[in-house]
Amino acid sequence: MELSVIQIILITLIAYLKMTDTVTLQIAAFNTLICGWLTGLVVGDPETGLYIGATMQLMSMGVVAVGGSSMPDYPIAAIIATTIAATTGQGMEAGLAIGLPVAMLGVNFDVIYKIFNGFLMRKEIALIEEGKFQSALNVIKISPVFYGLCSAIPVLVCVVAGPSLVNTILDFMPAWFTTGLTIAGGVLPGVGMAMLLMYMPVNKYWSFLLVGFVLAAYLSVPVLGIAAVGLAAAYEIYKSKMNAGTASVGAAGGLEDE
Amino acid sequence: MSKEKVLTKKDLRRAARRWLIGISTFNYETQLAPSAFFSVYPCLRKMYPNDEDLKKSSLNYMRYYNTMPWISPFVIGAALGIEDEGGVESLDAVNDFKVGLMGPLAGIGDTIGWAMIPTIFGSIGASMAMQGNPLGIFLWLAFTIAFLAVRILQYEWGYNMGVNVITKFGKQITVFTEACSVLGLTVVGSLIATVVKLKTGITFTNGDVTMEVQGLIDGVMPQLLPVAAVAIIYFFMAKKKVKMTWMILFIIIASWIGAATGIFTA
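Residues numbered from 1 in each chain as written. Chains lettered and ligands numbered in written order. Predicted model: local features only at pLDDT ≥ 70, side-chain atom pairs only at ≥ 80, totals over all residues. Heavy atoms only, no water.

Moving on, we come to unusual backbone geometry. All names here are of chain B. For Gln-31, which is not glycine, the phi torsion reads 55° and is therefore positive. With respect to the helices and strands, Gln-31 occurs in the loop between helix H1 (9-18) and helix H2 (33-47). Using a relative accessible area of 10% as the deciding quantity, one classes Gln-31 as buried. Even without being a glycine, Gln-223 presents a positive backbone phi close to 60°. (Helix = DSSP H or I, 4+ residues; strand = E, 2+ residues; numbered from the N terminus. Buried < 20%, exposed > 50% of the residue type's maximum accessible area, 1.4 Å probe, protein only.)

Moving on: the domain arrangement of chain B. The domains assigned to chain B are domain 1 (9-191) and domain 2 (198-265). Inter-centroid distance (C-alpha atoms) of domain 1 of chain B to domain 2 of chain B is 41 Å. (Domains from an automatic or database assignment.)

All names here are of chain A. With 38 residues, helix H5 (residues 92-129) should reach 56 Å at 1.5 Å per residue; the first-to-last C-alpha distance of 54 Å fits that figure. Residue Met-104 marks the point of greatest curvature in H5, where the axis turns by about 25°. A positive backbone phi angle near 85° is found at Gly-131, which sits one or two residues after H5. (Expected span 1.5 Å × (residues − 1). Bend = angle between axes of the 7 residues up to and from the residue.)

A separate point is the pairing of strand S2 (residues 203-206) of chain B. Residues and elements named next belong to chain B. As paired strands, S2 and strand S3 (residues 209-212) are joined by four bridges and run antiparallel to one another. Across the sheet, Asn-206 pairs through a bridge with Val-209, a residue of S3. Between the antiparallel neighbours S2 and S3 lie two residues, among them Gly-207 with a positive phi of about 65°. (Pairing = 2+ DSSP bridges.)

Contacts between chain A and chain B engage 110 residues on the former and 105 residues on the latter. Summed over both partners, the interface of chain A with chain B comes to about 9,600 Å²; 79% of that surface belongs to carbon and sulfur atoms. Our count for the chain A to chain B interface comes out at three salt bridges. When the shortest N-O distance is used, the salt bridge between A:Lys241 and B:Glu178 registers 3.2 Å. Where chain A packs against chain B, one counts 15 residue pairs in polar contact (both at pLDDT 80 or more). The element contributing the most residues to the side of chain A that touches chain B is H5(A), with 13 residues. Class assignment of the residues belonging to the side of chain A that touches chain B gives a composition of 74 nonpolar, 25 polar and eleven charged. (Contact = heavy atoms within 4.5 Å. Buried area = accessible area lost by both parts, 1.4 Å probe. Salt bridge = Lys/Arg side-chain N within 4 Å of Asp/Glu carboxyl O. Polar contact = N/O pair within 3.5 Å; in protein donor to acceptor, adjacent residues only side chain to side chain. Nonpolar A, V, L, I, M, F, W, Y, C, P; charged D, E, K, R; others polar.)

By the element assignment, A:Gln26 lies in the loop between helix H1 (5-23) and helix H2 (32-43). By relative accessible area, A:Gln26 is classed as buried at 2%. Within the structure, A:Gln26 has its side chain in polar contact with the side chain of B:Trp70 (distance 2.9 Å).

Right, let's get into the packing of aromatic side chains. Taken as a whole, this structure holds 16 aromatic pairs over all chains when the rule is applied. Ring plane angle 25° and centroid distance 4.7 Å describe the contact between A:Phe177 and B:Trp256, whose orientation is recorded as stacked. Separated into two different chains, A:Phe177 in helix H9 (residues 175-187) and B:Trp256 in helix H10 (residues 244-261) make up a pair that spans both. Judged by its relative accessible area of 22%, B:Trp256 falls in the partly exposed class. Measuring from ring centre to ring centre gives 5.4 Å for B:Trp70 and B:Trp114, while their planes differ by 70°; the resulting arrangement is edge-to-face. (Phe/Tyr/Trp six-rings, centres within 6.5 Å; stacked < 30°, edge-to-face > 60°.)

With that settled, the discussion passes to the state of the cysteines. A full pass over the atoms with the stated rule returns zero disulfides over all chains. A disulfide-free cysteine, A:Cys150 has its sulfur positioned 15 Å from the sulfur of A:Cys158, the nearest such atom. (Disulfide = S-S within 2.5 Å.)

Attention shifts here to the pattern of salt bridges. On inspection of all chains with the given rule, the structure shows twelve salt bridges over all chains. Measuring nitrogen to oxygen at the nearest pair gives 2.9 Å for the salt bridge that ties B:Asp51 to B:Arg45. Ionic pairing is found between B:Lys55 and B:Glu52, a salt bridge with its closest N-O pair at 3.6 Å. Of this pair, B:Lys55 and B:Glu52 both sit in helix H3 (residues 51-61), three residues apart, which is roughly one turn of that helix. Taking the relative accessible area as the measure of exposure, B:Lys55 reaches 17% and is therefore buried. Salt bridges sharing common partners tie together A:Lys204, A:Lys241 and B:Glu178.

Tracing the backbone through its elements, the reader meets B:Ser90 in the loop between helix H4 (72-86) and helix H5 (91-130). Within polar-contact distance, the side chain of B:Ser90 engages the backbone oxygen of B:Gly87 at 2.6 Å.

Its domain assignment divides chain A into domain 1 (5-199) and domain 2 (201-245). Just the C-alpha atoms count here: the centres of domain 1 of chain A and domain 2 of chain A sit 33 Å apart.

On to H1(A). An ideal rise of 1.5 Å per residue puts 27 Å on 19 residues; H1(A) measures up with 28 Å between its terminal C-alpha atoms. Looking at H1(A), one finds that the buried residues are A:Gln7, A:Ile8, A:Ile11, A:Thr12, A:Ile14, A:Ala15, A:Lys18, A:Met19, A:Thr20, A:Asp21, A:Thr22 and A:Val23.

Spelled out as structure tokens, the structure:
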């Protein structure tokens, strides 16, 4: 299947909007699913898009850019992989073969953009010192406009050059290469799990890790059900901790509802 | 040194909307400072008719600032509350306050906002999507859109509380984060069992009998290899401080070797 010009524009637009949203509104930040699904709709195969989006979502789980660090751009991997899978008919492995390396390389665009922002920032300070406040604000407005290119450019290059290239590459690719990528796809979510555990009080509450594992591995409870059990445990711990401490808290409860 | 407060609810709403410029201005030197300045500029203009004072305050906001963008409005709102009362004399206090609050709040915000919420909504959405159902995407979007209102309102909450923010919510926030961690850990435990996948293809031949090692492992415990994989990854990342990108590359290379030798199968 050949992509039309309109399809290529729409796919690039999804990549641009995804990045712009991630750095501004953050309505769909880390939502890799939606990137796969929307791309699937554009290429006429939402089922594949959803499946690839879900796979990538699980792969990226817990891999978060904290405190300004950069992370592999899994959402664009989903966009590229869905496009490649739909256009070449070679399935998800072919999509992964192109999508994953680009997602890894995408980190560099992010780093370059943050360095570029540094130049803007020095300009802004200089303008404020001269008393040109409005000009400083205008320079700040440059940042959100061009950030989306960090995702849009690699996606555009891949969807234009990718499909024909992929078939050529796949012909030469040994079996272990694609099998290895599929295996890696199964293990990579472990990186996210490890990162999550690094942020959580594992030493204090490891027992709940065990509860979740047993419910899923031995009893096959779906994740929503396990989240409900976790919510119940969380509520009990919140209640007992709040009661155990001073009785002075309780007047203002604004934050509890979040 | 107190002056009359000039900021209204409308000014704070406007600052909150301007904060949606978000993390796009992130740079390695002052991090989110340009976003903070962009957000509060109309408020500063109103507070300081004098250009020299405005300059001082603006440069104060252009100093290093970084916290999780979803709770940053709370910090900046409170900072505005202090500054609207104290004027230019309070600038050092405002900066100290921001720096003091942004660290702990970033820790909480990153854990809940960036680690926990995408994990919970992502895993629910992904398990629905695997069955061809896109509903999970909208569930997640509905949450983030609803939370947008909270992000906007935080400017007013912070502004009204000012310095009292720390004393009032200190304990509640800690306990709330801890309770959320329990929910998170339970979900992560289930994800290790369902999401991480690793199988071995090693077989032993003893005479006519071929033994599959994977079968033996399954007999010991379900999902033993995925658990071992996560434990090893955790060891390298948490104890040996291996960077995420290197860890990912290492896994891909190990998977290729495993696929080529038959130690691992897809």
